[in-house]
Amino acid sequence: MLLALAAAAVALGPRGQRPVNAAMLGAGAFAATFFGLRGLGHPWLAGSLAVIAAMLGTMFGAIAEAWGTAALVAALLGTASGAAVAALKHAWVPVAAVAGSIGLFVGITRQRKLEIVLPPVFAAAFAALGAAIGWGPHWRGAALYQLNDVAWVLGLMAVLVVPLEALAVYRERLTKARLAGRTREMDDDELKQKIAARQEEYERAAQEAQEKSAAAVDEPDQGS
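Just so you know, these numbers come straight off a predicted model, no measurement behind them.

(A) A look at the overall build of the protein chain. Per the secondary structure count, the protein chain includes eight helices and zero strands. In sequence order, the secondary structure elements of the protein chain are arranged as α-α-α-α-α-α-α-α. Here the protein chain holds 224 residues, and the buried ones make up 29% of them. Taking contacts inside the protein chain between residues at least 6 apart in sequence as the whole, the part at least 24 apart equals 68%. Surface exposure of the protein chain reaches about 15,100 Å², of which carbon and sulfur atoms provide 68%.

Encoded structure:
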């Protein structure tokens, strides 16, 4: 599933942000609900509510394009800043709230740029994790036993990010170039249509100007 998700994020280009949003928001909602409610009430309460939260998060990420990206950025910034402050034994809730607000603002105002940058990053992470799970298990004869080490997984992710980001930037520039070419063609066609529509007016105005100039030349000749 991770490898398929990575392939979808790369193949769909900017639209690959939607499956990334769906997967990350669903997983985040499940983890937050499960670990937040674990030990409270009935033993099945945390798991049941976590499944429901995961479904809602997945649907929200898949449907809400702009707000899904904003929610993902907010969750990432809020979680990272809150965890860092909590590790220092300080009040992490206000810091996480402020960072989440900043993430929402950035996600809404920089949506197009994030849709180019984020899918390759998550695709590299999904591909590295998928390869580690599928081909680097803890038994003899593993195809990629090096991926049992976290450093190798992070290294593979870093290696994959560079070409995937380059591919995303190239595709975006190619799309803009095609759009600019089509815009120029449309402008030329519109200009030609306007000229053709007013061709008769131009010819009539030119003919009237010629007649006036001819009349102006004939009047002095008649006077003499």
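Here the narrative resumes, following the displayed structure.
(B) A look at unusual backbone geometry. The phi dihedral of Lys 89 falls on the positive side, at around 65 degrees, and the residue is not glycine. Counting through the fold element by element, Lys 89 comes out in the loop between helix H4 (65-87) and helix H5 (93-109). The exposure class assigned to Lys 89 is exposed, which follows from its relative accessible area of 74%.

(C) Geometry of the packing of aromatic side chains. Applying the stated criterion across every chain yields a total of three aromatic pairs. Their ring planes at 5 degrees and their centres at 5.8 Å tell us that Phe 30 and Phe 34 sit as a pair that is stacked. Of this pair, Phe 30 and Phe 34 are both found in helix H2 (residues 17-37), four residues apart, which corresponds to roughly one turn of the helix. Ring geometry for Phe 34 versus Phe 35: centroids 5.3 Å apart, planes at 85 degrees, classification edge-to-face. The exposure class assigned to Phe 34 is partly exposed, which follows from its relative accessible area of 26%. Through a chain of ring-to-ring contacts, three or more aromatic side chains come together here, namely Phe 30, Phe 34 and Phe 35.

(D) Molecular detail of the environment of Ile 133. Its place among the elements puts Ile 133 in helix H6 (residues 111-135). Overall, Ile 133 belongs to the exposed group, its relative accessible area being 63%. Residues Ile 133 and Leu 147, 14 residues apart in the sequence, show an inter-C-alpha distance of 8.4 Å.

Conventions used here
Numbering of residues starts from 1 in every chain and runs along the sequence as written. Whole-chain, interface and lining totals are the exception, using all residues; otherwise, since this is a predicted model, local features are given only for residues with pLDDT of at least 70 and side-chain atom pairs are given and counted only at 80 or more. Think of the side-chain values as coming from all heavy atoms in the structure, minus any hydrogens and water. Put simply, DSSP H or I for four residues or longer makes a helix, DSSP E for two residues or longer makes a strand, and each gets a number counted from the N terminus. To sort residues, take the accessible area from a 1.4 Å probe on protein chains only and compare it with the maximum for the residue type: under 20% means buried, over 50% means exposed, and anything in between is partly exposed. Contacts were defined at the residue level, with two residues in contact if any of their heavy atoms lie within 4.5 Å. Here, Shrake-Rupley sampling with a 1.4 Å probe gives the accessible areas, and only protein chains in the shown set may cover a residue. The rule is short: rings of Phe, Tyr and Trp, with Trp giving its six-membered ring, pair when the centres are within 6.5 Å, and they are stacked under 30 degrees, edge-to-face over 60, tilted in between.

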